[in-house]
Amino acid sequence: MTSNAPLDIESIMRTSPVIPVLVIDDAATARPLAEALVRGGLRVLEVTMRTPAALDAIREMKLVEGAIVGAGTVVTTGQFDQVIEAGAEFIVSPGLTETLGEPIVQSGVPFLPGIANAGDLMRGYDLGLRHFKFFPAEANGGLKALKALAGPFYEARFCPTGGITAATAPDYLAFGPVLCVGGSWITGGSLEETEAAARQAAALAR
């Protein structure tokens, strides 16, 4: 079982350099996948709310020792309630609205909302947030765009996600305000291949 100790979003982001973004179609595969990722050194796991199996996948992954399991692609307050009931330890959203952001912030659950521009960041700042997912990173101009945003928002810390690969992740991680990156390149092969890819990702420098 994972620890019940309180977590904050910065601690979660600093746990490992890459957060695997997971789309789970069959909850029966969730626990073995989580075990492979944790063995490889990636403890923070984002289960996206893109499939009917997502809630059960969160419950299964929570059984893995050392795993920190969150819910991604949370876009409504109803989903927020569902993933908390399933045991999600942090919340990731693709964008940020006051309707979604306010109850999550008030709950105290670690929250990583998606931002794409200065207006999004200002909305996050209004909610007291300083940690954001830059999404979709590559489609929004990549590292060059992120560096431009990070200038005026110098307090902000980021997890770029979307189109990032094993080849481009080191460039993002070399930029100081980036605490980690999100990616889907780690999974897709066998469990052995996933563990090996996780091990390589966990060794990336920040």
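What comes next concerns the included structure. All of these numbers come straight from a predicted model, not from anything done at the bench. Residue indices follow the written sequence of each chain, beginning from 1 at its first position. Owing to the predicted nature of the model, reporting of local features is limited to residues with pLDDT of at least 70; listing and counting of side-chain atom pairs is limited to 80 or more, with chain, interface and lining totals taken over all residues. Computation of side-chain values covers all heavy atoms of the structure but excludes hydrogens and water.

### Considering the packing of helix α3 (residues 54-61) against helix α4 (residues 77-86)
So, step 1. One can describe the packing of α3 onto α4 by two numbers: an axis separation of 9 Å at closest approach and a directional angle of 30°. Classified by the angle their axes make, α3 and α4 are roughly parallel. Considering the relative orientation of α3 and α4, their crossing is right-handed. Contact with α3, carried on its side by Leu55, Ile58 and Arg59, involves Gln82, Val83, Glu85 and Ala86 of α4 and no other residues of that element.
So, step 2. Throughout, the ten residues Ala, Val, Leu, Ile, Met, Phe, Trp, Tyr, Cys and Pro are labelled nonpolar, Asp, Glu, Lys and Arg are labelled charged, and all others, Gly among them, are labelled polar. Across the contact of α3 with α4, the residue classes break down as 4 nonpolar, 1 polar and 2 charged. To get an axis, a line is fitted to the C-alpha atoms, and for a helix only the part in contact is used. The angle between two axes follows their N-to-C directions and goes from 0 to 180 degrees. Secondary structure elements are taken from DSSP: a helix is a run of H or I of four residues or more, a strand is a run of E of two residues or more, and numbering for both begins at the N terminus. The scheme is simple: roughly parallel for angles under 35 degrees, roughly antiparallel for over 145, roughly perpendicular for 65 to 115, oblique for anything else. We call a crossing left-handed when the near helix sits turned anticlockwise from the far one by less than a right angle, and right-handed when that turn is clockwise. Here a residue-residue contact requires only that any non-hydrogen atoms of the pair lie within 4.5 Å.

### Topic: the nonpolar core
So, step 1. By nonpolar core is meant a set of buried Ala, Val, Leu, Ile, Met, Phe, Trp, Tyr and Cys residues that side-chain atoms within 4.5 Å join together. Buried, partly exposed and exposed residues are distinguished by accessible area as a fraction of the type maximum, computed with a 1.4 Å probe on protein chains only: under 20%, between the cut-offs, and over 50%, respectively. Counting 59 residues, the largest nonpolar core has Met61 and Val83 as the members making the most contacts within it.
So, step 2. Discounting chain neighbours no more than four positions away, the residues touching Met61 are Leu22, Ile24, Ala30, Leu33, Ala34, Leu45, Val47, Ala67 and Val69.
So, step 3. Counting 12 residues, the second-largest nonpolar core is a separate cluster that includes Met13, Ile19, Val44 and Leu179.

### Comments concerning the pairing of strand β5 (residues 111-115)
So, step 1. Summarising burial for β5: 5 of the 5 residues are buried, a large majority.
So, step 2. In β5, alternate side chains face the same way, and those of Phe111, Pro113 and Ile115 on one face and Leu112 and Gly114 on the other are all buried.
So, step 3. Pairing of strand β4 (residues 91-93) with β5, which is carried by 3 bridges, proceeds in the parallel orientation. Along β5, the bridge assignment pairs Ser93 with Pro113. Note on pairing: DSSP must find at least two bridges between two strands before they are called paired.

### Some points on the pattern of salt bridges
So, step 1. Any Lys or Arg side-chain nitrogen found within 4 Å of a carboxyl oxygen on Asp or Glu counts as a salt bridge. Counted under the stated rule, the structure contains 9 salt bridges.
So, step 2. Across the salt bridge formed by Arg31 and Glu35, the nearest N and O atoms sit 3.5 Å from each other. Placement of the pair is Arg31 and Glu35 together in helix α2 (residues 30-39), with a separation of 4 residues, close to one helical turn.
So, step 3. Note on Glu35: relative accessible area 29%, which makes it partly exposed.
So, step 4. Close ionic contact of Arg199 with Glu195 constitutes a salt bridge, the shortest N to O distance being 2.6 Å. Pair noted here: Arg199 and Glu195 are both in helix α9 (residues 191-202), with a separation of 4 residues, about one helical turn.

### Here's the deal with helix α7 (residues 142-150)
So, step 1. Along α7, the residues classified as buried are Gly142, Leu143, Ala145, Leu146, Leu149 and Ala150. What you see down the axis of α7 is that its buried residues fit within an arc of 160°, all on one side. Exposed and facing more than 90 degrees away from the buried side of α7 are Lys144 and Ala148.
So, step 2. Contacts from the buried residues of α7 go to β5, α6 (118-126), β6 (131-134), β7 (157-158) and α8 (169-173). What the arc measures is the spread of directions leading from the helix axis to the C-beta atoms.

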